[in-house]
Amino acid sequence: MKDKKIAVRGVLGDGDYNRPYKCNACGGIMIFKGVGEYECEDCRDIDFDDYGKARSYIERNPGSTQAQITEGTGVSAKSIRQMLKESRLEIASDSRTFLKCDICGINIRHGSLCDKCEVAYHRNKEEQERAARAISGYGMDTKPRESGEMRYINR
Ligand SMILES: [Zn+2]
Ligand SMILES: [Zn+2]
């Protein structure tokens, strides 16, 4: 993880990322302005959540590694990992280090599954849903399972 170069991807996730709610300067309410940026409704002071901090750091320092971002912004390694998992950030295309797909272990740049496993995962869910409907409707798919067991016993 230390030498992974990180790039901005910018899909909204649902992590909290240390959002600023209160203005550091006057105690006013911080209004969300977009892409991790917040503005005080009273004194117009600007602050950032972890995503905003990491994002602006990467824009100023393209090709930064996770360690550099953490050092430069104070955003934790855990938070950066979370943003990679949620595809808010991705591994830069010229980086030689990667994340691993949770299912097949192939190298990926963002999220937790590769494109192939993501599709397979959803197909599998669709099949399960279809099978569940078939069973509750007609019970048609119990037959092949029985003949499979018979063959095993005969051997
Ligand atoms: Zn303020
Ligand atoms: Zn995979």
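Each remark here, short or long, concerns the structure printed above.
Bear in mind that the values here come from a model prediction, so they are computed numbers and not experimental data.

## Some thoughts on the coordination of the zinc ion (ligand 2)
Then step 1. For the zinc ion (ligand 2), the full set of protein donor atoms is Cys-101 (SG), Cys-104 (SG), Cys-114 (SG) and Cys-117 (SG), at a range of 2.3 Å.
Then step 2. All donors of the zinc ion (ligand 2) belong to a single chain; written as a sequence motif, their spacing is C-x2-C-x9-C-x2-C. One end of the pair, Cys-104, is in the loop between strand E6 (99-100) and strand E7 (107-108); the other, Cys-114, is in the loop between E7 and helix H4 (115-137), and ten residues separate them in sequence.

## Describing the sheet that holds strand E4 (residues 46-48)
The strands making up a sheet are joined through hydrogen bonds of the backbone, oriented either antiparallel or parallel.
Then step 1. Read from one edge of the open sheet, three strands run E2-E3-E4, paired in antiparallel fashion. Of all the strands in the sheet, the pair left with one neighbour each is strand E2 (30-34) and E4. With strand direction ignored, the average angle separating the axes of adjacent strands in the sheet is 35°.
Then step 2. As paired elements, strand E3 (residues 37-40) and E4 share three bridges and run antiparallel to each other.

## Here's the deal with the coordination of the zinc ion (ligand 1)
Then step 1. For the zinc ion (ligand 1), the full set of protein donor atoms is Cys-23 (SG), Cys-26 (SG), Cys-40 (SG) and Cys-43 (SG), at a range of 2.3 Å.
Then step 2. Classification of the site at the zinc ion (ligand 1) as tetrahedral follows from its four donor atoms and the range of 99 to 116° in their angles at the metal.
Then step 3. The sequence pattern describing where the donors of the zinc ion (ligand 1) fall on their chain is C-x2-C-x13-C-x2-C. In this pair, Cys-26 is assigned in the loop between strand E1 (6-8) and E2 and Cys-43 in the loop between E3 and E4, connecting sequence segments 17 residues apart.
Then step 4. Residue class for Cys-26 comes out partly exposed when judged on its relative accessible area of 43%.
Then step 5. Cys-43 gets classed as partly exposed once you look at its relative accessible area, which sits at 37%.

## Examining the nonpolar core
One broad trend across soluble globular proteins is that nonpolar side chains are buried collectively.
Then step 1. In this structure, Ile-6, Ile-69, Ile-80, Met-83, Leu-84, Leu-89 and Cys-101 are the most contacted members of the largest nonpolar core, which totals 19 residues.
Then step 2. Counting residues per element, the ones that place at least two in this core are helix H1 (50-60), helix H3 (77-85) and strand E5 (89-91).
Then step 3. Of the residues forming this core, the biggest block, four residues, is contributed by H1.

## Looking at H1
Given 3.6 residues to a turn, an α-helix orients residues that are three or four positions apart in the same direction.
Then step 1. Those residues of H1 not exposed but buried are Asp-50, Tyr-51, Gly-52, Ala-54, Arg-55, Tyr-57 and Ile-58.
Then step 2. Those residues of H1 that are buried lie in contact with E1, E4, helix H2 (66-73), H3 and E5.
Then step 3. Sitting at the amino-terminal end of H1 is Asp-49, which places a side-chain oxygen 3.1 Å from the backbone nitrogen of Tyr-51.

## Focus on the pattern of salt bridges
Then step 1. All chains considered together, the criterion is met by eight salt bridges.
Then step 2. A salt bridge links Lys-33 to Glu-39, with the shortest nitrogen-to-oxygen separation between them at 3.6 Å.
Then step 3. Three or more residues are tied together by salt bridges with common partners; here these are Lys-33, Glu-39 and Arg-44.

## Regarding the pairing of E2
Then step 1. Strand direction decides the pairing type here: E2 and E3, joined by four bridges, are antiparallel. Bridged to Ile-31 within E3 is Glu-39.
Then step 2. Following E2, the chain reverses through two residues before pairing antiparallel with E3; Val-35 in that reversal takes a positive phi of roughly 35°.

## Side note on the layout of surface pockets
Then step 1. Estimated volume of the largest pocket: approximately 210 Å³.
Then step 2. If you trace the largest pocket, you find 14 residues lining it, with His-110, Leu-113, Cys-114, Asp-115 and Glu-118 closest to the centre.
Then step 3. Counting residues per element, the lining of the largest pocket draws most heavily on H4, which supplies four residues.
Then step 4. Here the residues of the lining of the largest pocket sort into five nonpolar, six polar and three charged.

The rules we used
- All chains use their own residue numbering, which begins from 1 and follows the written sequence.
- All chains are assigned letters beginning at A, and all ligands numbers beginning at 1, according to the order in which they are written.
- Only residues with pLDDT of at least 70 are given local features in this predicted model, and only at 80 or more are side-chain atom pairs given and counted; all residues enter the totals for whole chains, interfaces and linings.
- To get the side-chain values, take all heavy atoms of the structure and skip hydrogens and water.
- Coordination shells were defined by N, O and S atoms within 2.8 Å of each metal, extended to 3.2 Å for Na, K and Ca; water is absent from the atom set, which can make sites look incomplete.
- Going along the chain from the N terminus, every DSSP run of H or I of four or more residues is numbered as a helix, and every run of E of two or more is numbered as a strand.
- Only when DSSP finds a minimum of two bridges between them are two strands counted as paired.
- Interaxial angles span 0 to 180 degrees and are taken between N-to-C directions of axes, which are lines fitted to C-alpha atoms, for helices over the stretch in contact.
- Each label reflects the angles at the metal, where four donors whose angles all fall between 85 and 135 degrees are tetrahedral, four or six donors whose opposite pairs open beyond 155 degrees and whose other angles stay between 65 and 115 are square planar or octahedral respectively, and the rest are irregular.
- Partly exposed residues are those whose accessible area sits between 20% and 50% of the maximum for their type, while under 20% is buried and over 50% is exposed, using a 1.4 Å probe and protein chains only.
- In this description, a nonpolar core means a group of buried Ala, Val, Leu, Ile, Met, Phe, Trp, Tyr and Cys residues linked to one another through side-chain atoms lying within 4.5 Å.
- Contacts were defined at the residue level, with two residues in contact if any of their heavy atoms lie within 4.5 Å.
- Whenever a nitrogen or oxygen atom comes within 3.5 Å of another N or O atom, the pair is scored as a polar contact, on the condition that within protein one atom can donate a hydrogen and the other can accept it, and that pairs from neighbouring residues in sequence are kept only if both atoms are in side chains.
- Salt bridges are identified by distance alone: a Lys or Arg side-chain nitrogen within 4 Å of an Asp or Glu carboxyl oxygen.
- A 1.4 Å probe that fits into a set of points on a 1 Å grid over the protein atoms alone but cannot get out defines a cavity; an open set with protein on both sides within 12 Å along at least five of seven lines defines a pocket, and lining residues are those with an atom within 4 Å of a point.
- Grid points are joined across faces, edges and corners, and a volume is the space filled by probe spheres set on the points.
- Only Asp, Glu, Lys and Arg are considered charged, only Ala, Val, Leu, Ile, Met, Phe, Trp, Tyr, Cys and Pro nonpolar, and every remaining residue, Gly among them, polar.

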